[in-house]
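Reading the structure
The residues making up each chain are set out below.
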Amino acid sequence: MPEGSIKDGIGASVRRKEDKRFLTGSGRYTADITRPGQLHVHFIRSVHAHANIKAIRKDAAAAAEGVVAIFTGEDVAADGIGGPICGWVVTNRDGSPTNEPPHPILANGAVRYVGDHVVAVIAETLEQAMNAAELVEIDYEVLAPVVDLAHAGSGPQIHENVPGNMYFDFELGDEAAAAAALDSAATVVELEVRNNRLIPNAMEPRAALAEYDPIDDSYTLFTTSQNPHLTRLVIGAFMLSIPESKLRVVAPDVGGGFGSKIYVYPEEAVCTWASKKLQRPVKWTADRSESFLADAHGRDHINKVRMALDKDNRITGLRVDTVANIGSYLSAFSVVTPTILHAPLLSGCYRIPAIYTNVKGMATTTAPVDAYRGAGRPEATYLLERVMDTAARQVGMDPAEFRRMNFIPKDAFPYQTPVALQYDIGDYEPPLDKALEMIDYKGFEARRAEAASRGKYRGIGLSSYIEACGIAPSAVAGALGARVGLYESATVRVDPTGTVNVFTGTHSHGQGHDTTFAQIVADKLGVDIGSVEIIHGDSDRIPFGMGSYGSRSLAVGGAAIAKAVDKVIEKSKIIAAHLMEAADADVVFADGKFTVAGTDNEKGFGEIALAAYVPHNYPHDRLEPGLEETAFYDPLNFTYPSGTHIAEVEIDPSTGVVELVDWACCDDFGNLINPMIVEGQVHGGIAQGVGQALLENAHYDETGQLITASYMDYCMPRADDLPNFKVDYTVTACTHNDLGVKGCGEAGAIASPPALINAVIDALAPLGVTDMSMPATPEKVWRAINDAQTEAAE
Amino acid sequence: MHHTTYMKAGNTDDAVARMADGGQLLAGGMTLIPTMKQRLANPETLVDLAGCGLAGIEDQGDSIRIGAMTRHADVAGSDLVRGAIPALAALAGGIGDRQVRNRGTIGGSVANNDPSACYPAAVLGLGGTVHTDRRDIAADDFFTGMFETALDEDEMITAVSFPKTGKAAYVKFPNPASRYAMVGVFVASAVDGTRVAVTGAGSDGVFRHAGMEAALDAGFSAGSLDGITVDADEMISDIHASGDYRAHLVREIAKRAVAAC
């Protein structure tokens, strides 16, 4: 393709450049990497939810074939190795700080969940390590577990410095105003919901391979991370106490994360620490059982909701009291997820004058809980969209019209909510109308009647969501307790021949950055997308980066790339002006060419690149040679994707099976760079939401054993659980980044669970059913039908 | 996985001899291999039956004889089975996924007697016969409890025979996670009357339901099962389904199987 064409630029559904290697098995993942002399570590994990460690006898194991070392928490403590830190804390209602217990990378004295890391057995081969592990004897004094979230506060105390098992007690909003609204309401709507606990299940299990170089006393850690620079910062500065410059962290191809690979985990720190102690590379790859037990889980809230309506059914107030399960230790973003990423979203896309919320973060003897696709926003959206339907039913309004009349009107932007956020732009009626049309909302009653003639209950459910992406303005985040900045960096390095290398601080673990980011650069520079390489995931190659999560890669990382490209263009213009003997201001850049207004002079982008590196005729008085620019972009605000999703279901009353028969959604993600990739994100997000609403549930029994610890018992959504999705968009461009983009990675997972549960309840509403918990399993639905029929008979 | 020694048996006698020496028979490995990978089974010796000549399907007049090492996909795709006992072919075609159906065997499944497996329902529902290296065992005598069979320690299945019948159906209500049968019901009209075999649900593994069989003998229609009760106390109860829900499903799925006959 000739230089200057933008066929594959912004707005084109370019096929993903990275898919060839992914689909042909040619990806290079951490587990694919082998270093000379590498050892293998196997972790012995706690079989008890809560116990004191009385003794660890490792002599027999140490003598076993191939064993090189066996480490315990005492070895970690002796070397002064720190644990993973909590990256964002909050201030309690009473002004006190979050209670932060220690989190040793190998348990020292006590274990606090099934799967807790107790002993690292390191051997020449993995099989030898596993064989030796069977010879290690651990004496436990078993303690009472804390599993029931609702009563976690009255359970035995899990950490010395976490009284009442409460890590934090957070509030946001105006309690008195919300109380006044509820006191004077014409209608009060009450609802208690449980946001079920999920296990992320990235396709690639976590893995780490650490290598120590004694020549310059430095480490290289290959690991499955969504943010290698954060991993470097935490392991270097907080855990191993080594200079950051002595640790290189590489996250090569990573097969999905959904949040679970944001956090620094003990295993990768153990590998790094042990690589120096043993002077040999140390490798670990989780098996699927370890992923179930010890990846950070997601969600797990109990939310009590009270909503006030006036006599015209306008919302006047909202109070939400949440108990959030944080698990056994504070994972990196475990505190921010149910607080800062949750509470400010409680206004949704509605005008609600008074909002107050309290969130109590509880310790339990279960795996740590942290951000999982959506991170706080799905929990907020679920309770809000559930109570919206409950309210509409209570006052006898159509749920679509009840939402519409309470939407923030389009002329009210920028709109300041009572829970801290200021929405820059949005228009909520067009996506609602479009989605209603796509699913043929008007024809629903006829479809319900037709289904009834076949003995099926048909229901329809809406969810009009908003979310906050592009985390975050660093100053705002800092004021709210963040211990990191949340800008993003990009370096654009143009080669002498005009090819372009883009070094981004975001990380792609399936999102398609190689393609989307290349489209932005190709579009702006007017070059072929094939001449743009996207480089990420290596702390030695990237200036700095905060990684990928919270649907931030495009809105923050893409914006940084656009800024760096703009700097390249500005410098190129000066070079072009020099070469064409024109004034800077007369040079125009378009379609990959620099021209001088009013003349036929022109220079291609490639010519300018060559001149920058072969500066024989060059404005040396004004510019340095070379063509490479770096930009750090710190966003001015969050971005606010929104939209409406509608689910339609049919229920078989004789079995309780819910069949999802139709799905329509209309999202406003601002401008789209690659609509095909966006559609893929929407599909994947909905699939995960359907999983949460119908299928998935992490179940601990009363002793704290994880019962759903394999795919035999943990139900992942499959293709045949899903209908074809009808997907469309409206666009209100984000006002504060140059690309006008908002982010699309989590919206489907945020919007979909309440739509689906609302549809299930709608199907059963004629029987008198008003509630359904997630996941809506066949037995639960069958029981709800039976109970309603029994009640009707009485 | 622990270290193990893999060997191939050349014929049935060879396999039985190696089993007597402590070898663990490998008949597809769809249960055994995952269990070994989890270190829950650690056989020192694996004896692969793939080379024993036990695969194949034979027409024996009134019955069909299926060799123990015949894979599910071959039963599902067999014109002979599809013509003579279409319900059996359909059952085989619904086991696991494509990969499992191309590795797993009927002998392996029947010998394992997993309470959620499909094949035991067919063997019991059709009133089949299990042939071993030393005797023939009627289906009614073969399945003795969850993962328990009438096989002696050193006894090996060589084939399973099924009487031909066109009036039979198997309906499975899959566990949403594993897609094994949470309730599976095989209904067949056999020479000695109607047989109803239930898998996935019973706490003692696959079982026949006498009440349903009697009701269907009195009148073969789904409606005949309306008044039938299934004892919830005899059902498996777990996080996926309680005993009373499974009991309800047994009757419901049985009705669907009857309707499909």
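Residues numbered from 1 in each chain as written. Chains lettered and ligands numbered in written order. Predicted model: local features only at pLDDT ≥ 70, side-chain atom pairs only at ≥ 80, totals over all residues. Heavy atoms only, no water.

**Concerning the overall build of chain A**
- Across its full length, chain A carries 19 helices and 28 strands.
- Overall size of chain A, expressed as C-alpha extent along the three principal axes, is 95 × 75 × 50 Å.
- For chain A, buried positions account for 63% of its 794 residues.
- Partitioning the intrachain contacts of chain A with sequence separation of at least 6 by distance along the chain shows that 80% fall at a separation of at least 24.
- Accessible surface computed for chain A: about 27500 Å², of which carbon and sulfur atoms make up 51%.
- With 65 positive and 105 negative side-chain charges, chain A shows a separation of 1 Å between the mean positions of the two kinds. (Helix = DSSP H or I, 4+ residues; strand = E, 2+ residues; numbered from the N terminus. Buried < 20%, exposed > 50% of the residue type's maximum accessible area, 1.4 Å probe, protein only. Contact = heavy atoms within 4.5 Å. Areas by Shrake-Rupley, 256 points an atom, 1.4 Å probe, with all protein chains shown as cover. Lys, Arg positive; Asp, Glu negative; His and termini not counted. Charge placed at Lys NZ, Arg CZ, Asp CG, Glu CD.)

**Details of helix α4 (residues 126–133) of chain A**
- Along α4 of chain A, the residues that are buried comprise Gln-128, Ala-129, Met-130, Ala-132 and Ala-133 of chain A.
- Among the structural elements, β1 (39–45), α2 (59–62), β3 (67–72) and β5 (117–123) of chain A are those in contact with the buried residues of α4 of chain A.

**Topic: unusual backbone geometry**
Residues and elements named next belong to chain A.
- Here the residue pair Phe-413 and Pro-414 is connected by a cis peptide bond, since its omega of 0° sits within 30 degrees of zero.
- In this fold, Pro-414 is placed in the loop between α10 (399–406) and β16 (415–416).
- Going from Ile-471 to Ala-472, the amide bond is cis rather than trans, its omega being -5°.
- Residue placement: Ala-472 occurs in the loop between β18 (457–466) and α13 (474–479).
- In the Ramachandran plot, Ala-375 falls in the positive-phi region, its phi being about 50° despite a non-glycine side chain.
- Note on placement: Ala-375 falls in the loop between β15 (354–363) and α9 (377–395).
- Look at Ser-551: it is not a glycine, yet its phi comes out positive at around 50°.
- With respect to the secondary-structure elements, Ser-551 resides in the loop between β21 (532–535) and α15 (553–579).

**Side note on the pairing of strand β20 (residues 500–504) of chain A**
Residue and element names in this part refer to chain A.
- Within β20, five of the five residues are buried, which leaves the element mostly enclosed by the surrounding structure.
- Of the two faces of β20, both are covered, the one formed by Val-500, Val-502 and Thr-504 as well as the one formed by Asn-501 and Phe-503.
- What sits between the antiparallel neighbours strand β19 (residues 488–494) and β20 is a turn of five residues, in which Gly-498 has the positive phi angle 95°.
- Direction of pairing for β20 relative to β21: parallel, over a ladder of four bridges. Across the sheet, Val-502 pairs through a bridge with Ile-534, a residue of β21.
- Once the chain exits β20 it traverses helix α14 (residues 513–525) before rejoining the sheet at β21, and the crossover so formed is right-handed. (Pairing = 2+ DSSP bridges. Right-handed = clockwise from strand over helix to strand, strands pointing away.)

**So, the interface of chain B and chain A**
- With 22 residues of chain B in contact, the opposing surface of chain A contributes 24 residues.
- Around 1900 Å² of area is buried between chain B and chain A when both sides are counted, 50% of it from carbon and sulfur atoms.
- The three residues of chain B that bury the most area against chain A are Arg-39, Arg-179 and Tyr-245 of chain B, which together make up 30% of that side's buried surface.
- Counting the contacts that link chain B with chain A gives five salt bridges.
- Ionic pairing is found between Arg-783 of chain A and Asp-244 of chain B, a salt bridge with its closest N-O pair at 2.9 Å.
- In this structure, the connection of chain B to chain A is made through 20 residue pairs in polar contact (both at pLDDT 80 or more).
- No other element matches the six residues that helix α11 (residues 243–260) of chain B contributes to the side of chain B that touches chain A.
- A class-by-class count of the residues in the side of chain B that touches chain A yields nine nonpolar, eight polar and five charged. (Buried area = accessible area lost by both parts, 1.4 Å probe. Salt bridge = Lys/Arg side-chain N within 4 Å of Asp/Glu carboxyl O. Polar contact = N/O pair within 3.5 Å; in protein donor to acceptor, adjacent residues only side chain to side chain. Nonpolar A, V, L, I, M, F, W, Y, C, P; charged D, E, K, R; others polar.)

**Examining the pattern of salt bridges**
Residues and elements named next belong to chain A.
- On inspection of all chains with the given rule, the structure shows 72 salt bridges over all chains.
- We note a salt bridge from Lys-311 to Asp-312, for which the minimum N-O separation is 3.6 Å.
- Asp-312 gets classed as partly exposed once you look at its relative accessible area, which sits at 42%.
- The residue Glu-648 makes a salt bridge to Arg-447 at a minimum N-O spacing of 2.7 Å. A residue pair is termed long-range when its members are at least 10 positions apart, and Glu-648 in strand β26 (residues 642–652) and Arg-447 in helix α12 (residues 444–453) qualify at 201 residues. As far as burial versus exposure is concerned, Glu-648 and Arg-447 are alike and both buried.
- Three or more residues are tied together by salt bridges with common partners; here these are Asp-440, Arg-447, Glu-450, Arg-454, Arg-458, Glu-648 and Glu-650.

**Concerning the sheet that holds strand β13 (residues 193–199) of chain B**
Residue and element names in this part refer to chain B.
- Pairing is antiparallel in the open sheet, where four strands are placed in the order β11-β12-β13-β14. This sheet does not close on itself; its edge strands, each paired only once, are β11 (168–174) and β14 (207–208).
- Taken together, the seven bridges between strand β12 (residues 181–190) and β13 define a ladder with antiparallel strand orientation. Counted as the bridge partner of Ser-189 is Thr-194 from β13.

**A few points about the packing of aromatic side chains**
- Within this structure, the stated rule accounts for 22 aromatic pairs over all chains.
- A centroid spacing of 5.8 Å and a plane angle of 15° characterise the contact between Tyr-350 of chain A and Phe-407 of chain A, whose relative ring orientation is stacked. In this pair, Tyr-350 of chain A is assigned in the loop between β14 (315–327) and β15 and Phe-407 of chain A in the loop between α10 and β16, connecting sequence segments 57 residues apart. Here the two residues Tyr-350 of chain A and Phe-407 of chain A agree in accessibility, since each one is buried.
- Taken together, the ring pairs connect Tyr-350, Phe-407, Phe-413 and Tyr-428 of chain A into an aromatic cluster.
- Geometry around Tyr-265 of chain A places Arg-206 of chain A over its ring, the cationic atom sitting 3.5 Å from the centre.
- Note that Lys-167 of chain B overlies the ring of Phe-220 of chain B, its terminal NZ or CZ placed 4.1 Å from the centroid. (Phe/Tyr/Trp six-rings, centres within 6.5 Å; stacked < 30°, edge-to-face > 60°. Lys NZ or Arg CZ within 6 Å of the ring centre and 35° of its normal.)

**Regarding the side chain of Glu-290 of chain A**
- Position of Glu-290 of chain A relative to the elements: it lies in helix α8 (residues 288–294).
- A distance of 2.9 Å separates polar atoms of two side chains, one belonging to Glu-290 of chain A and the other to Arg-45 of chain A.

**Considerations on the sheet that holds β19 of chain A**
Residue and element names in this part refer to chain A.
- With mixed pairing, four strands are arranged side by side in an open sheet as β21-β20-β19-β25. In this open sheet, the two strands that pair with only one neighbour each are β21 and β25 (628–633). Mean inter-strand twist for the sheet, computed between neighbouring axes without regard to direction, equals 15°.
- Running over the sheet, α15 touches β19, β20 and β25 and is turned about 145° from β25. (Axes fitted to C-alpha atoms, helices over the stretch in contact; angles between N-to-C directions.)

**So, the state of the cysteines**
Residues and elements named next belong to chain A.
- Counted by the stated rule, this structure contains zero disulfides over all chains.
- Cysteine Cys-349 shares no disulfide, and the gap to the nearest cysteine sulfur, in Cys-666, comes to 13 Å.
- Given the relative accessible area of 1%, Cys-349 is considered buried.
- For the unlinked cysteine Cys-469, the closest cysteine sulfur is that of Cys-744, found at 8.4 Å. (Disulfide = S-S within 2.5 Å.)

**Side note on a nonpolar patch on the surface**
Residue and element names in this part refer to chain A.
- On the surface, a cluster of nonpolar side chains totalling about 230 Å² of accessible area is made up of Leu-610, Tyr-613 and Val-614.
- When you line up the elements, Val-614 lands in the loop between α16 (605–613) and β25.
- The class of Val-614 is partly exposed, set by a relative accessible area of 37%. (Patch = residues over 30% accessible without salt bridge, like charges linked within 9 Å, V, L, I, M, F, W, Y side chains within 5 Å.)

**Here we look at the domain arrangement of chain B**
Residues and elements named next belong to chain B.
- Structurally, chain B comprises domain 1 (5–48), domain 2 (60–163) and domain 3 (168–260).
- Its C-alpha centre places domain 2 at a distance of 19 Å from the equivalent point of domain 3.
- Taken together, the contacts link 21 residues of domain 2 with 21 residues of domain 3.
- Summed over both partners, the interface of domain 2 with domain 3 comes to about 1600 Å²; 65% of that surface belongs to carbon and sulfur atoms. (Domains from an automatic or database assignment.)

**Some details on the packing of helix α5 (residues 86–93) of chain B against helix α8 (residues 119–126) of chain B**
Residues and elements named next belong to chain B.
- Here α5 crosses α8 at 165°, and the two axes come no closer than 10 Å. The pairing of α5 with α8 is recorded here as roughly antiparallel in orientation. Along this stretch, α5 crosses α8, giving a crossing that reads as right-handed. For the pair formed by α5 and α8, the contact residues are Leu-88, Leu-91 and Ala-92 on the first element and Tyr-119, Ala-122 and Leu-126 on the second. (Parallel < 35°, antiparallel > 145°, perpendicular 65-115°, else oblique. Left-handed = near helix turned anticlockwise from the far one by under 90°.)

**Describing the environment of Phe-162 of chain B**
All names here are of chain B.
- When you line up the elements, Phe-162 lands in strand β10 (residues 157–163).
- Judged by relative accessible area, which is 0%, Phe-162 ranks as buried.
- Apart from residues lying up to four places away in sequence, Phe-162 is in contact with Asp-62, Ser-63, Ile-64, Ile-66, Ile-85, Leu-88, Ile-106, Ala-122, Val-123, Leu-126 and Gly-128.

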